[in-house]
Amino acid sequence: MTTSEKGGSKAGKGGGRNPAFTPARIAVLTLATLGLIFIFQNTQETEIRLLIPLVTMPLWAALLGTAVIGALCGAYAASRRRRK
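About the thresholds
Residues numbered from 1 in each chain as written. Predicted model: local features only at pLDDT ≥ 70, side-chain atom pairs only at ≥ 80, totals over all residues. Heavy atoms only, no water. Helix = DSSP H or I, 4+ residues; strand = E, 2+ residues; numbered from the N terminus. Buried < 20%, exposed > 50% of the residue type's maximum accessible area, 1.4 Å probe, protein only. Contact = heavy atoms within 4.5 Å. Axes fitted to C-alpha atoms, helices over the stretch in contact; angles between N-to-C directions. Parallel < 35°, antiparallel > 145°, perpendicular 65-115°, else oblique. Left-handed = near helix turned anticlockwise from the far one by under 90°. Nonpolar A, V, L, I, M, F, W, Y, C, P; charged D, E, K, R; others polar.

### Considerations on the overall build of the protein chain
Turning to step 1, where the next piece is worked out: Helix and strand counts for the protein chain stand at 2 helices and 2 strands.
Turning to step 2, where the next piece is worked out: Its helices and strands taken in sequence order, the protein chain reads α-β-β-α from the N to the C terminus.
Turning to step 3, where the next piece is worked out: Looking at the 84 residues of the protein chain, the share that counts as buried comes to 4%.
Turning to step 4, where the next piece is worked out: Put simply, of all contacts in the protein chain between residues at least 6 apart along the chain, 15% involve residues at least 24 apart.

### Topic: the packing of helix α1 (residues 23-41) against helix α2 (residues 59-83)
Turning to step 1, where the next piece is worked out: At a minimum axis separation of 7 Å, α1 and α2 run at an interaxial angle of 150°. With respect to α2, the axis of α1 lies roughly antiparallel. With respect to the hand of their crossing, α1 and α2 are arranged in right-handed fashion. Between α1 and α2, the residues in contact are Leu36, Phe38, Ile39 and Phe40 and Trp60, Leu63, Leu64 and Ala67, respectively.
Turning to step 2, where the next piece is worked out: For the contact of α1 with α2, the residue count by class is 8 nonpolar, no polar and no charged.

So far we have only geometry, and geometry alone does not tell us how the molecule works.
This is how it looks when you write it as structure tokens:
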């Protein structure tokens, strides 16, 4: 069975190119890498108020937690946008 008999061809969508490294994905990976570098450069202890209690924790943990919460909110918003 040839490619044309299967109902598709490599020259069709994307021309057989690997879409793994698009400019948008490279930008996101670069920003994520810079964000992680920033987070892990800030290792000193800091006091953070979590609603009521005052907690002492490494600044990197607070920054990483905030980044994860932001990423989850962004992923949720993107998934809601795709459903509409």
